[in-house]
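Coordinate analysis (summary)
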Amino acid sequence: MPEGEASYYFDTVTLCNFALANRLDLLIARYGTRVQITPAVLGEVLDGVAVGYSALQEIEKAVTTDAFAQAGMLREREREIFRDLLRTLSPGEASCIACAQNRGDIVVTDDRAARDCCREREVRFTGTIGVLKACCRDEIIEPSEADTILQAMIDAGYFSPVRNISGLL
């Protein structure tokens, strides 16, 4: 499936990077309902809200207003993959990989173990940096704005492998 038609299964951390930088609008603008939220990821987001990360309520709002799509219950094959992945991954990451692998879509994660798993299973993936670069390539934001957003994410706790996006374009 070409990238433009694929769904993107965002794990909790990547969603939180955008929410904590107050930039879920970028995900809505570029991906819309191709952003898929699994029940496990939504559960992890709600756990974050419950412990005081009120900015994460915007993720819940995007799901309830259909700005993002709900991936729905895992299918039989996805449950098998999910159970296997739970040995090494969190439920959110495992659910994203299970869905993307079974449905031929893309995982959005920054987690090294999850990315390694995607490589092993030949599941396409990207991460926070890739999403910011894609937003620049599609002219949704300017590179300088991407740098500012990345800094806001870093300030909120994101451990970025790079310090700017403009130098990558």
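Up top you'll find the structure we're talking about.
Residues numbered from 1 in each chain as written. Predicted model: local features only at pLDDT ≥ 70, side-chain atom pairs only at ≥ 80, totals over all residues. Heavy atoms only, no water.

**So, helix H5 (residues 76-85)**
- Among all positions of H5, only Glu78, Ile81, Phe82 and Leu85 are buried. One side of H5 carries all its buried residues, which in axial view fall inside an arc of 105°. Residues of H5 that are exposed and point over 90 degrees away from its buried face: Glu76 and Arg83.
- Structurally, H5 contributes buried residues whose contacts are with helix H6 (91-103) and helix H7 (112-121). (Buried < 20%, exposed > 50% of the residue type's maximum accessible area, 1.4 Å probe, protein only. Helix = DSSP H or I, 4+ residues; strand = E, 2+ residues; numbered from the N terminus. Arc of directions from axis to C-beta. Contact = heavy atoms within 4.5 Å.)

**Structural notes on the side chain of Glu93**
- On the secondary structure map, Glu93 appears in helix H6.
- For Glu93, which is buried and forms no salt bridge, the nearest opposite charge comes from Arg115, at a distance of 10 Å.
- At a separation of 3.2 Å, a polar atom in the side chain of Glu93 contacts the side chain of Ser90.
- Among all residues touching Glu93, those that are not within four sequence positions of it are Asp11, Thr109, Asp111 and Ala114. (Lys, Arg positive; Asp, Glu negative; His and termini not counted. Salt bridge = Lys/Arg side-chain N within 4 Å of Asp/Glu carboxyl O. Polar contact = N/O pair within 3.5 Å; in protein donor to acceptor, adjacent residues only side chain to side chain.)

**Some points on the packing of aromatic side chains**
- One pass over the structure, following the stated rule, counts two aromatic pairs.
- Where Tyr8 meets Tyr31, the ring centres are 4.6 Å apart and the plane angle is 55°; that geometry is what we call tilted. One end of the pair, Tyr8, is in strand E1 (residues 8-10); the other, Tyr31, is in the loop between helix H2 (24-30) and strand E2 (35-37), and 23 residues separate them in sequence.
- Its relative accessible area of 2% is what places Tyr8 among the buried residues.
- Overall, the relative accessible area of 5% leaves Tyr31 in the buried class.
- Clustering of aromatic rings is evident, with ring pairs tying together Tyr8, Phe10 and Tyr31. (Phe/Tyr/Trp six-rings, centres within 6.5 Å; stacked < 30°, edge-to-face > 60°.)

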